[in-house]
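# Secondary and tertiary structure notes
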Amino acid sequence: MTTILAIETSCDETAAAVIEEGRRIRSNVVASQIDIHRRYGGIFPEIASRQHILALTTVIQDALSQADATWGDLDVVAVTHGPGLAGSLLVGVNAAKGITLALNVPLIGVNHLE
């Protein structure tokens, strides 16, 4: 059985999910930034990327917990690599790279529009 940690930080929501066999969603956690950006009348890219830094660790931990999974259960990490806000994408991609290096599992970049 393949267990995937999926990370999404392309714009203004920080998300992580644990997926089994590419079909069964065991968890899906989303941290919204709507209230933060509302005062600017739209998404402020620098604020979005900084909020991803603050939220990502908790979102990933919550996704693992809700899926009743551990780091050792993961077989692959998938991450949105585009399109999106450059700073926001960098946060997710770099976190995913660090996780894959620590766990010695493959990294899959995903274009979330394809």
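These remarks concern the structure in this document. (Residues numbered from 1 in each chain as written. Predicted model: local features only at pLDDT ≥ 70, side-chain atom pairs only at ≥ 80, totals over all residues. Heavy atoms only, no water.)

This paragraph deals with the sheet that holds strand E5 (residues 107-111). The sheet built from five strands is open, its strands ordered E3-E2-E1-E4-E5 with mixed pairing. Each of the sheet's edge strands pairs with one partner strand only, and the pair in question is strand E3 (24-32) and E5. Looking at each pair of strands side by side, their axes are set apart by 20° on average, direction ignored. Bridge analysis of strand E1 (residues 3-8) against strand E2 (residues 13-20) gives six bridges, and the strand direction is antiparallel. Opposite Leu5, over in E2, you have Val18 as the bridge partner. Against the sheet, helix H2 (residues 45-66) engages E1, E2 and E3, with an angle of about 25° to E2. In this fold helix H3 (residues 86-103) packs onto E1, strand E4 (76-82) and E5, with an angle of close to 160° to the strand it touches most, E4. (Pairing = 2+ DSSP bridges. Helix = DSSP H or I, 4+ residues; strand = E, 2+ residues; numbered from the N terminus. Axes fitted to C-alpha atoms, helices over the stretch in contact; angles between N-to-C directions. Contact = heavy atoms within 4.5 Å.)

So, on to the pattern of salt bridges. One pass over the structure, following the stated rule, counts four salt bridges. Asp35 serves as the salt-bridge partner of Arg38, at 2.7 Å between the closest nitrogen and oxygen. Of this pair, Arg38 and Asp35 both sit in helix H1 (residues 34-38), separated by three residues, roughly a single helical turn. Accessibility expressed as a relative area gives 56% for Arg38, which makes it exposed. Using a relative accessible area of 58% as the deciding quantity, one classes Asp35 as exposed. Of the charged contacts, one joins Arg50 and Glu46 as a salt bridge, the two residues approaching to 2.7 Å between their closest N and O atoms. (Salt bridge = Lys/Arg side-chain N within 4 Å of Asp/Glu carboxyl O. Buried < 20%, exposed > 50% of the residue type's maximum accessible area, 1.4 Å probe, protein only.)

If you trace the backbone, Ser88 turns up in helix H3. If near-sequence neighbours (up to four positions away) are discounted, Ser88 is found in contact with Thr9, Ser10, Cys11, Pro45, Ala48, Ser49 and His52.

Now for the nonpolar core. Leu5, Ile7, Ile60 and Val77 are the most contacted members of the largest nonpolar core, which has 21 residues in total. In terms of residue count, the dominant contributor to this core is H2 (six residues). When sequence neighbours within four positions are dropped, the list of residues in contact with Ile60 reads Leu5, Ile7, Ala16, Trp71 and Ile99. Core analysis: the second largest hydrophobic core is formed by six residues, Ala17, Ile19, Val76 and Ala78 among them. (Core = buried A, V, L, I, M, F, W, Y, C linked by side-chain atoms within 4.5 Å.)

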